[in-house]
Structures are given as C-alpha cells and as structure tokens.
Amino acid sequence: MRVLRLRRALGTLLALGVLGASASCTAARGDDARGGGEHRAALTPFERLLPAPASARAAGPGYAVGPGTVIRTSRGSGEEVRRVGELLAEQLRRPTGLPLPVVDGALGDGIRLRIDEDAQGVGEEGYRLESRPDGVTLTARTPAGLFHAGQTLRQLLPVAGPGTVPGGEITDAPRFAYRGAMVDVARHFFTVEQVKRYVDQLAQYKVNTLHVHLTDDQGWRLAIDSWPRLAEYGGGSEVGGGPGGHWTKAEYRDLVAYAGERYVELVPEIDMPGHVNAALASYAELTCDGKAPARYTGVKVGFSSLCVGKERTYEFIDQVLGELAELTPGRYIHIGGDEAHSTPAADYASFMDRAQEVVARHGKTVVAWHQLSAARPAPGAVLQYWGHDRTPAAEKTRVATAAGAGNPVILSPADRLYLDMKYDQATKPGLAWAGVVPVKRSYSWDPGAYLPGLPESAVLGVEAPLWTETIATRADWEFMAFPRLLSLAELGWSPAGSLDWDTYSRRLAAQGPFLDAQDITFHRAPDVPWQ
Ligand code: IFG
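Residues numbered from 1 in each chain as written. Predicted model: local features only at pLDDT ≥ 70, side-chain atom pairs only at ≥ 80, totals over all residues. Heavy atoms only, no water.

Caption draft 1: Seen up close, the overall build of the protein. Secondary structure assignment for the protein yields 16 helices and 19 strands. A compact globule built from 531 residues should have a C-alpha radius of gyration of about 24 Å, and the protein, at 24 Å, falls within 12% of that. Principal-axis analysis of the C-alpha atoms places the extent of the protein at approximately 75 × 55 × 45 Å. The buried share of the protein, reckoned over its 531 residues, is 59%. A separation threshold of at least 6 residues defines the contact pool for the protein, and within that pool the share at least 24 residues apart is 75%. (Helix = DSSP H or I, 4+ residues; strand = E, 2+ residues; numbered from the N terminus. Rg over C-alpha atoms; globule rule 2.2 N^0.38 Å. Buried < 20%, exposed > 50% of the residue type's maximum accessible area, 1.4 Å probe, protein only. Contact = heavy atoms within 4.5 Å.)

Structural data, given as structure tokens:
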C-alpha cells in the first residue's frame, strides 16, 4: 500500500511539473527516454495531450505563465470571443491560482486569442497554438476553435500552480464532426446541475454533443405545457422506486445555454413508439384500451407502445416535439425508435413515417436508434448504431445500406462505447448484456473502418451512452464514464493514424492527476499504467 501511495505521490509531483524538468531534459537527450528499459520517463506536456492533436512540434523555449500574465482578445473581435476568453481565464485561474485578467487588444505578452477566417488546416472547430517566450497565441477561424485551443492549453500547464507552456506549435482539427456522450436521466433522475458538471468534463476533451435521454418507461423528465401530467405525474418515478423528478423548461434552457457556451450541442431524445410507460401512466387517452398502466420502477424493456392507430397519438407527439423544438437551438431531435417489441413492424414503420414528418415540420433533423433502418428513414435522418460484435450481419448490412442511401451514422457500439457496461465481472454498477468493456477495448477500434460497407464518409461521428438502470449517484456515473469517455474523445477527434493503444494508454495515465484535481471518481483500470 505504501508503494502505491508513493507512486501516486510521485505521479502527482511529475504532473505538477516539479519533476517534469528531469523528464523534459531526458526527452531533450533524444528518444532513449521513450525507448527500451522499464523506467520510461514521464511524457512531456506536448506528448501527453488527449485527444492527440493532428500535429504538434515542441521547439525552443516556451512561455512562463505567471502573475503578470493577461489573456488578450483582439480588439473588436466581438462578444463571443471575449466570452471564450473569460471562460478560459476561469478555467485556468483555479489550477494556477493566478489573476489572469482578460484584456481587449491582442498586442503584447500573454495568452492571445485571435480569429483568422483564413487560418489553414483548422476547419470550423480546430485551431493553431504557438508558444514562444513572449506568449502563447491561439488562432482559429471560429470561437469554437478558440475554445478547443484553450482546452489544449489547459493540458500544457501543470495540474496545479503556475508553469511554463513548452515552446512549439500545434495545428489541430477534429476527424469527426459529431463527438457525443449521452446521459439517461429517465431510469434514474439527475438534476441539471449534475449534468452541467458532465458538460464541463466533456468540453475539456473537445466532446461537442450531449444527447439527453429524457423519457422512458420509468420516468418523464421534461415539463411539457400542453401535457402537464407527463412531468408532474410521469416524472414522479424512477428505477428502484425513488422520487424521480423533472426539469422545468427554464432549467432545460439553462442547460442548453451552459452547454452552448462550451460548444456542446444538446440533442434531446423523446423515445417512441416504445419506452413510453411513463407517458401512458400519465394519460390513459394515449393507450389503445383507455386504461393507464401503473408507473414502472423495474428494468425491463420493450413492453410499452404508443397507440399507433389513434389520431390523438399524433397530436401528442406533434405538441410534445413542437415544444421541445422551440426549446432546442440545436439541429437534432432524437425520437428513439429502439426496442419497440410491443409495436407490430408495419405499425412501427407507419408510426415512424409520421414521427419523422413531425420533426421535419418543426425544423429539426431526425436522429433515431438504428432500428429505424428496418422501416423508412427520412432523407437525411441520422441512424445511431448500437449494435455489437454479435449483431447479425444482415442488421449491420441494413445500416450500411441506409448510410449509402444518405442516412449518416453515429456509431455507439454497445460492446465498446456503452459506458454502463461493466469494466469486468467485479465492477459493482453497470450491466454486461453486451459483454464487459475494459478500457483497452473501448479504445481499440477504428470508427472509420468498423461496420462492413460503411465508409468513413458516412460516419457522422461517435457517441458514448450512459444508461442509468444501475447508476444512481455521481460517483457511480463518473466511475463508469471515466476513463472510457476519453476513448470516445480521442476516437472522435484524433487522426486515424495516431490510434495506438500503447502510446494512448500512457497519455491516458498522464490525465490521472487532472481527473484527480477535479475530484472525478474515475476507475483506476488495471490495463492503464497510471502514474
Ligand atoms: N438497451 C436500451 C436502453 C438501455 C440499455 C442498457 C438502447 C438503444 C439497453 N436501448 O440501448 O434503454 O436499457 O444497456
């Protein structure tokens, strides 16, 4: 035990940059530090970045961040850039303990944020970072790019205390446009404040989408004015019989804004036609037999269905999705479509035809679980694939074929990215129906070459869902999400060529002190060489 404590202390000192000097001069001696021998030196700040940047070149002396450091936004660069500067200052003040004022005017020493519409090789979300003795310059085409540059800068500084941003240059841009996480607030209720904490953690690793699973058999979590009992009554249950809860529209708007400031787009999901017991329990008129079922606190799936043959059902989804669309500035509304085992296939297809029309009428793009590919996906509707290695080949082919016909795919393989899957049989929370998912397995695959017949060009991106049948606390949430969420972050952002478990696992280990410093209760998985 003493050894472990000593190793952890050593790890923290390394990450604080206290011992880093030896590492960096070791690294400067050449790559013997990373060559053979069991005592490989700690990674330098440029080497430990996660997600790995498209290109990074450490060179020359760097910039010492200290009491006099200011954060500069170009004069007249507008309110949004200034807000990015303020947010970066806030994120850096905590670990450095420095004042870091934000000033208007890019000339002068310090950390400079610049917009350059013609910046090359950075796209809409990427950036360039240059570190010299007189300062660090972050350049991007958009404020989102500047925000992502700031997240990289956070990792170039020690975990705590002032420090030097090593000299050099980074040019970076993401591989996939959609880099998402999902949290299921229906099985167990979580507050907007708890979800905001997750947004902070996601944004730090350049994840840009949060899919919230708002409704299911066990609970309805968002207030809908035209159907008030959905939240008031249908929100009053959860797995295990707890009190449940729901978000008001104001709380939802607050989360959308908070996430938006961190360049995380919210994708709300109202699951249909299955997973609807909470809605049916709230309104008997939504059932075919007029009898409202009791609220459900178990963990079975597939037993509920909206009444496809009733016109009232379509008034319901039109009003619900209309209110949701009005609350959601993002491009997407997710209509679920999974496990509709109590909806005959023909009814399912006709229902999904109409549900997709409703989403389009409210100006949004459909996302649905990949079962929609067995019906008639609307042009441009996005399919979220949650299959696994044992999914029948015909089902995989159906998804790849739909992708070829213009339905982009988000990859969420249950036996790679489902964060509610146990790490191993000893993991307390979580399920194992798709198999256990050690950290290495969550990382060791290539979304660009995953589904037979699905080219990278048809992959919108990747998403890691966290289902909460067995997750009721923040501690369990973070234990299951970290460190595997960082696999998602890297698979979504970094170039295919940089995907290598040996180097990734060392970079992941170097994130340990950052996660510790943020009080994230992550799993110290045995397959990662934690410091
Ligand atoms: N499948 C169900 C989820 C949840 C999950 C738990 C999807 C799309 C199993 N549907 O995943 O509601 O129960 O791992």
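Caption draft 2: Here's a closer look at the sheet that holds strand β11 (residues 209-213). Reading around the circumference, β10-β11-β14-β15-β16-β17-β18-β19 is the order of the eight strands in this closed barrel, with parallel pairing throughout. The mean angle between the axes of side-by-side strands here comes to 30 degrees, regardless of whether they run parallel or antiparallel. Direction of pairing for strand β18 (residues 409-411) relative to strand β19 (residues 459-466): parallel, over a ladder of three bridges. By the bridge assignment, Val 409 is partnered in β19 with Val 459. (Pairing = 2+ DSSP bridges. Axes fitted to C-alpha atoms, helices over the stretch in contact; angles between N-to-C directions.)

Caption draft 3: View of the pattern of salt bridges. The final tally for this structure, using the stated rule, is 32 salt bridges. We note a salt bridge from Arg 197 to Glu 478, for which the minimum N-O separation is 2.6 Å. In this pair, Arg 197 is assigned in helix α5 (residues 192-204) and Glu 478 in helix α14 (residues 474-481), connecting sequence segments 281 residues apart. Using a relative accessible area of 23% as the deciding quantity, one classes Arg 197 as partly exposed. (Salt bridge = Lys/Arg side-chain N within 4 Å of Asp/Glu carboxyl O.)

Caption draft 4: Region of interest: unusual backbone geometry. In this structure, the amide linkage connecting Leu 50 to the following residue, Pro 51, adopts the cis form with an omega of 0 degrees. The step from Phe 482 to Pro 483 runs through a cis peptide bond, and the omega angle for that step is 15 degrees. With respect to the helices and strands, the residue Pro 483 is situated in the loop between α14 and α15 (484-493). For Lys 206, which is not glycine, the phi dihedral falls at a positive 65 degrees. Of note, Lys 206 is situated in the loop between α5 and β11. Even without being glycine, Asp 519 reaches a positive phi, approximately 60 degrees. With respect to the helices and strands, Asp 519 occurs in the segment after α16 (501-517).

Caption draft 5: Region of interest: the sheet that holds strand β4 (residues 102-104). Within the open sheet, the seven strands sit side by side as β1-β9-β6-β7-β5-β3-β4. Their pairing is mixed. Looking at the sheet topology across the chains shown, the edges are occupied by β1 (55-58) and β4. When the angles between neighbouring strand axes are averaged without regard to direction, this sheet yields 15 degrees. Of the pairings in the sheet, the one linking strand β5 (residues 110-115) to strand β7 (residues 135-140) comprises six bridges and is parallel in character. Its bridge partner lying in β7, Gly 110 is registered against Gly 135.

Caption draft 6: The arrangement of helix α7 (residues 249-261) in detail. Here α7 is 13 residues long and its end C-alpha atoms lie 18 Å apart, about the 18 Å a rise of 1.5 Å per residue gives. Burial in α7 covers these residues: Lys 249, Tyr 252, Leu 255, Val 256, Tyr 258 and Ala 259. Next to the buried residues of α7 lie α5, β14 (265-272) and α9 (311-327). Within two residues after α7, Tyr 263 carries a phi angle of roughly 55 degrees, on the positive side. (Expected span 1.5 Å × (residues − 1).)

Caption draft 7: Here's a closer look at the packing of α9 against helix α10 (residues 345-361). Relative orientation of the contacting elements α9 and α10 amounts to 30 degrees, with a least axis distance of 9 Å. Considering how the two elements wind past one another, α9 and α10 form a crossing that is right-handed. Facing Glu 311, Thr 313, Tyr 314, Ile 317, Asp 318 and Leu 321 of α9, the residues of α10 in contact are Phe 351, Arg 354, Ala 355, Val 358, Val 359 and Arg 361. Of the residues contributing to the contact of α9 with α10, the split by class is seven nonpolar, one polar and four charged. (Left-handed = near helix turned anticlockwise from the far one by under 90°. Nonpolar A, V, L, I, M, F, W, Y, C, P; charged D, E, K, R; others polar.)

Caption draft 8: Up close: the packing of aromatic side chains. The tally for this structure, following the rule as stated, stands at 22 aromatic pairs. Consider the rings of Tyr 198 and Trp 477, whose centres lie 5.0 Å apart with planes at 70 degrees: the pair is edge-to-face. Highlighted residues: Tyr 198 in helix α5 and Trp 477 in helix α14, separated in sequence by 279 residues. Just as Tyr 198 is buried, Trp 477 falls in that class too. Considering the side-chain rings of Tyr 418 and Trp 433, the 6.1 Å spacing of their centres and the 80 degrees angle between planes classify their relative orientation as edge-to-face. With Tyr 418 in the loop between α12 (414-417) and α13 (439-443) and Trp 433 in the loop between α12 and α13, this residue pair connects regions lying 15 residues apart in the sequence. (Phe/Tyr/Trp six-rings, centres within 6.5 Å; stacked < 30°, edge-to-face > 60°.)

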